[in-house]
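# Remarks on the overall topology
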Amino acid sequence: MTPLAGCLLVSSLLFSVGLAGALTRRSAILVLAGIELMLNAANLNFIAFWRFGAHPEALTGLMFVIFSIAVAAAEAAVGLALILAIYRHARTSDVSEITEMKG
Amino acid sequence: MTASFLILAILTLAGGVAAVTLRRLVHCALALAVSFAGLAALYLNLGAEFAGLAQLLVYVGAIAILIVFAILLTRGSETEDRAAFSPAGFAGAVLALAVFAVLAWAVVTSGAAHSAGLGSAPPSTMREIGFALMQRYVLPLEVIALMLTAAMIGAVIVAVREKASEAGTTAGALPRPEPGRELRTR
Amino acid sequence: MITVIHVAWIVRNLWLIPVLPILAAGLSAPLGRPQRRLAAGLAIGSMTIALVLALMAFAEALAHPFLQVSNFGWMQFGNEWVQLGWLLDPLAAVMLVMVTFVGLLIFIYSIGYMAHDENFTRFFCFLSLFAGAMLGVVIANSLLLLFMCWEVVGLTSYLLIGFWFQRPAAAAAARKAFITTRVGDLGLLIGMVWLYAQTGTLVFYDYGRGCLEQSATAAMAAHATVAGMAVSTAIGLLIFCGAVGKSGQVPLHVWLPDAMEGPTPVSALIHAATMVAAGVYLVARVYPLMAASSSTLQVVAWVGAVTALFAACIAVAQNDIKRILAYSTVSQLGYMMLGLGVGGVAVGMFHLITHAFFKALLFLGAGSVIHGCTEEQDIRNMGGLRRFMPVTFATYSAGMLALCGFPLFAGFWSKDAILHAAHGWGISRGPFYLGAIGALLTAFYMTRQMYYVFFGPQHLTDAGTGAATAAGHGPADGTHGEDVEPVAAARPGEVCAIEDPHESPSVMTVPLSILAVFAVFLGFVGTPAWPWFQAFLAGGAAKFDLAGFSEPGLMSLMVTSSLIVFAGLLLGWWFYGRRPILRATDPDALERLAPPLFHALGNRLYVDELYSVTVIALVRFSAAFASWLDRWIFGGAVRMVGWVVTGVSWLDAGVDRFVVNGGFEEGCREVSRGGRLLSRLQDGRVQTYLRVIAAALVVLAVWLLWGRRG
């Protein structure tokens, strides 16, 4: 088990945990939380490959992660704003009850 | 695999699991913050200092707090009597497990498991990062700036409370259903 | 017989003789009941012209006494032609004159007899049709043409017997006549077909190619067929079957007495003089075929002899004036067949010609009696009529004597010729004895009839019973008292059975007188001293030569037959003349003597009953069987088809409803259900969509990794 493989396994596990959260929890906020976890797992992947992969001096992985964090922040803000808006209309933040697009 | 890596990994994972399984939303948000912190420590462990610190600043400092705010504003604490998991949640868990199995299998069978050696940590000083940002990645930098601006404006517009929307009779607004009932189109 | 290629005018136009009366019939058919004069005029006019033409033909035959033919092609079958034609020879000429002359007299008589009948017009139409068809039979040179006219003759006989069809007895008699003659006609038809198959033609005389000419008959006589008979014998016997039916010979005689249901002129014309003679004429016409082998003529002779005696026996015990004459006709036809069989064409035909005249006379006389007694026909109710109907009595006596064969009357010469030929027949004396006994009985029953009808006092009957009321009058009411003279021996309460018997009008008595002359004198054309008739038929001439009487055995035979006639007359007088018959209900003298025999003879020897039990029963059974077959087997098959079709259509409907519609509807429902099932994927929940994406990701990844590994 190389360090790279270990990092990759950890990130895979974190990703699947985040996916499980996104797929199973009722609350829309926790779905978003799951998504954030998945993003973070991907970030970990990038760092691992930057660290143990070819050409680390190009800083590609590191850069990607920086930008990813920025984007994640923006996305979390907008998403949570959306959840607030939906909550005001539907009086609930339960994803399993918002079925307007049914059929 | 150093012991520090293992401990940090376990911490991160435990936080993540706690975030998705705990019942009360506030507990989930705090567990999430722990998970983010763990990840930041992992980045530091791997030699990506800037990323780690950025992680702490942004994720733990901003996003986790934002989540707490959202919980507050959506009265997440009032919904404790309802079920925590959505219907057929078990299918979702199984699917996540399947995904992990596939990814693990990909990792294990790839060359990465046996080949790469321990290299020394690459030079990742602030100077390097600054140079990279201003030279090679200047365009993404500008775009990110624009994006952040747009996101901020967008979030404000989406979340701002409209004056007449409380009564629910504005043109185009949907009628407010009772909690727990499906929304029906007109 | 020599044939002449250049034919005379009359021979070419011989067809006019039958066609004119048929034309008259055709013109009379659409006439209504009021146009009596026109119908009678057409009939009598056409018959007169036919008589004139027949006399012309007779003159031609006298001048050229050999066969002349005129043939023409009628229909074409592929390469073969069906030929028809007519001929003129002495035999045909004699028949033509006889039929037209007797027919004309009877037509004139009918004007008076049928004057009170409302269907006068129809009667004359049928009479003309009959006359035309009978003349067609006479001149036919082809068996096919003869058969066609033969059938029309049978048809008109049916129509005329059943003229008063409202009477069930008349309708039944007409049917019986038609069907019985049909049985004979079947034999004739088979014989005709066989003849055509054997010789290839049905024309009698066709310049050497005809079926009666030497080459054809010799070939048929040489050819043997079933039961060792020569073909000519078989065909001859089959043709004789037709003659048996039409001429009332023994097995098929049963229709003739019943045919008396028709009007008396019909009985006179058809069932005495002409139609029944058609059978005899047919045998005479195909005589070359009959004579080709010896067996046919033997059968003809025996059948004739048996018929002569059989019918004479039955006539002895009959009480209807016309029925006695009918059985007498059957008996005399037997004599004619006997004559043909033993003596040849001339012998038989001579008797046919004389018989036509005196039998017609007797029937017309009987008609006059019936007319004068207001439709009474039972001889037991008559009596003493010679005082009231002198002309009828005189002419009737002449006819009766001619029939009995009283010396020097017409019947004597012709019957004597037959008996002479029978006596000299080499094969057997049986027919001679049968004929002799028949002659005795003929004289006997005719004498009986004369005494019952004309002699003695008027028969008595109880007032208000039986005959008086049957005659249409009530009990004596005194208004006719001066005409009715009860006999002195009458008991109180008895009156004469016939009230006011009177003579018939002259339109009826004149024909009687004319016929009486012929009945007396016609025989002289065929005496042995001057055998003109026989010579004429043979194509030669005859001289008056008293030496003809000196033929060995002839004189003794003439004396013997005269004695037989006198014996019969004496017997008749013995039984019926010595003591007058007083009452209608008195038993017959013969009945007193031998009651069972008399009753058997009175019941016509039960021949009709025998037929009813055997033939009629068989026919009824066949009809019932055919009906059953039609209803259950054929009808059942049709119904079965119907059921099958119904079943198939029901099955088809079921398939259509359940399989096709059901399948289609099921299919639609499944599609709908599938759609509903699939639409559950779109439940509007984001998490569901995410799950699907995750599942797809897993599948894709597995696929790619597997591929990469393998």
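Residues numbered from 1 in each chain as written. Chains lettered and ligands numbered in written order. Predicted model: local features only at pLDDT ≥ 70, side-chain atom pairs only at ≥ 80, totals over all residues.

### A short note on the overall build of chain B
- Of regular secondary structure, chain B possesses 6 helices and 0 strands.
- Listing the helices and strands of chain B from first to last along the sequence gives α-α-α-α-α-α.
- Counting all 186 residues of chain B, 27% fall into the buried class.
- A separation of at least 24 residues holds for 52% of the contacts in chain B among residues at least 6 apart in sequence. (Helix = DSSP H or I, 4+ residues; strand = E, 2+ residues; numbered from the N terminus. Buried ≥ 20, exposed ≤ 12 C-beta atoms within 10 Å, placed from the backbone. Contact = placed C-beta atoms within 7 Å.)

### Thoughts on the overall build of chain A
- If you tally the helices and strands in chain A, you get 3 helices and 0 strands.
- Summarising the internal contacts of chain A: among those between residues at least 6 apart in sequence, 51% fall at separations of at least 24.

### Considerations on the interface of chain C and chain A
- The partner chain A presents 10 residues to the 10 residues of chain C that form the contact.
- Top contributing element to the side of chain C that touches chain A by residue count: helix α27 (residues 686-709) of chain C, with 5 residues.
- Considered class by class, the residues forming the side of chain C that touches chain A number 3 nonpolar, 4 polar and 3 charged. (Nonpolar A, V, L, I, M, F, W, Y, C, P; charged D, E, K, R; others polar.)

### With respect to the nonpolar core
- If you look at the biggest cluster of nonpolar residues, it comprises 217 residues, and the most contacted ones within it are C:Met134, C:Val137, C:Val280, C:Val283, C:Phe357, C:Ala360 and C:Ala519.
- Here this core gets 17 residues from one element, more than from any other, and that element is helix α16 (residues 345-372) of chain C.
- Apart from the residues lying within four places of it in its own chain, the contact partners of C:Val280 are C:Ala243, C:Ser247, C:Leu333, C:Met336, C:Met337, C:Leu340, C:Gly348 and C:Leu352.
- If you look at the next biggest cluster of nonpolar residues, it comprises 85 residues, including A:Val31, A:Leu44, A:Ala72 and B:Tyr59. (Core = buried A, V, L, I, M, F, W, Y, C linked by C-beta atoms within 7 Å.)

### Some points on the packing of helix α1 (residues 3-24) of chain A against helix α2 (residues 28-52) of chain A
Residues and elements named next belong to chain A.
- Here α1 crosses α2 at 170 degrees, and the two axes come no closer than 7 Å. Taken as axis vectors, α1 and α2 run roughly antiparallel relative to one another.
- Residue composition of the contact of α1 with α2, by class: 20 nonpolar, 6 polar and no charged. (Axes fitted to C-alpha atoms, helices over the stretch in contact; angles between N-to-C directions. Parallel < 35°, antiparallel > 145°, perpendicular 65-115°, else oblique.)

### Points about helix α6 (residues 138-159) of chain B
- The end-to-end C-alpha distance of α6(B) is 31 Å, a good match for the 32 Å that 22 residues give at a rise of 1.5 Å each.
- The element α6(B) is largely exposed, with a buried count of 2 among its 22 residues. (Expected span 1.5 Å × (residues − 1).)

### Digging into the confidence of the model for chain B
Residues and elements named next belong to chain B.
- Counting all residues, the mean pLDDT for chain B is 82, and 76% of those residues have values of 70 or more.
- Ignoring residues within four places in sequence, the model shows residues 167-173, a span with pLDDT below 50, making 6 contacts including any to other chains.
- Per the prediction output, this complex has pTM 0.64; the corresponding ipTM is 0.92. (pLDDT = per-residue confidence, 0-100.)

### Side note on the pairing of strand β1 (residues 68-77) of chain C
Residue and element names in this part refer to chain C.
- Both β1 and strand β2 (residues 80-88) contribute to a ladder of 9 bridges, which runs antiparallel. Note that in β2 the partner of Val69 across the bridge is Leu87.
- Between β1 and β2, which pair antiparallel one after the other, the connecting turn spans 2 residues, and Gly78 there sits at a positive phi close to 60 degrees. (Pairing = 2+ DSSP bridges.)

### Observations regarding the interface of chain B and chain A
- Every contact between the two is made by 84 residues of chain B and, on the other side, 70 residues of chain A.
- Secondary structure elements with two or more residues in the side of chain B that touches chain A: α1 (3-21), α2 (25-45), α3 (49-73), α4 (89-109), α5 (126-136) and α6 of chain B.
- Looking at the side of chain B that touches chain A element by element, the count peaks at 13 residues for α3(B).

### Digging into unusual backbone geometry
Residue and element names in this part refer to chain A.
- Notably, Leu59 is not glycine yet its phi reads approximately 60 degrees, a positive angle.
- By the secondary structure assignment, Leu59 is in the loop between α2 and α3 (60-90).
- Of the residues examined, Leu59 has 23 C-beta atoms within 10 Å and is grouped as buried.
- Even without a glycine there, the phi angle at Arg91 is positive, about 60 degrees.
- Mapped onto the elements of the fold, Arg91 is located in the segment after α3.

### Quick look at α4(B)
- With 21 residues, α4(B) ought to run about 30 Å at 1.5 Å a step, and its terminal C-alpha atoms sit 30 Å apart, in line with that.
- Of all the residues in α4(B), the buried ones are B:Gly92, B:Leu95, B:Ala96, B:Val99, B:Phe100, B:Val102 and B:Leu103. Seen end-on, α4(B) carries its buried residues on one side only, within an arc spanning 160 degrees. Opposite the packed face of α4(B), turned more than 90 degrees from it, sit the exposed residues B:Phe90 and B:Thr109.
- Looking at the buried residues of α4(B), the elements they touch are α1 of chain A together with α27 of chain C. (Arc of directions from axis to C-beta.)

### Side note on the environment of C:Ala43
All names here are of chain C.
- Here Ala43 shows up in helix α3 (residues 36-63).
- The class of Ala43 is buried, set by 29 C-beta atoms lying within 10 Å.
- Through-space distance from the C-alpha of Ala43 to that of Thr121 is 10.0 Å; in sequence the pair is 78 residues apart.
- The residues contacting Ala43, other than those within four sequence positions of it, are Ala24, Ser28, Phe107, Phe124, Leu127 and Ser128.

### Some remarks on the environment of C:Ser506
Residue and element names in this part refer to chain C.
- Structurally, the position occupied by Ser506 is in helix α21 (residues 506-521).
- Using a count of 12 C-beta atoms within 10 Å as the deciding quantity, one classes Ser506 as exposed.
- Remark: the alpha-carbon pair of Ser506 and Gly112, spanning 394 residues in sequence, is separated by 8.4 Å.

### As for the packing of α16(C) against helix α18 (residues 410-423) of chain C
Residues and elements named next belong to chain C.
- The contact between α16 and α18 brings their axes to 9 Å, and the two run at 155 degrees. As the angle between them shows, α16 and α18 are arranged roughly antiparallel. Both α16 and α18 take part in a crossing whose hand is left-handed. In contact with Val347, Phe350, His351, Thr354, Phe357 and Phe358 of α16, α18 contributes Ala410, Gly411, Ser414, Lys415, Ala417, Ile418 and Ala421.
- Residues belonging to the contact of α16 with α18 are distributed by class as follows: 8 nonpolar, 4 polar and 1 charged. (Left-handed = near helix turned anticlockwise from the far one by under 90°.)

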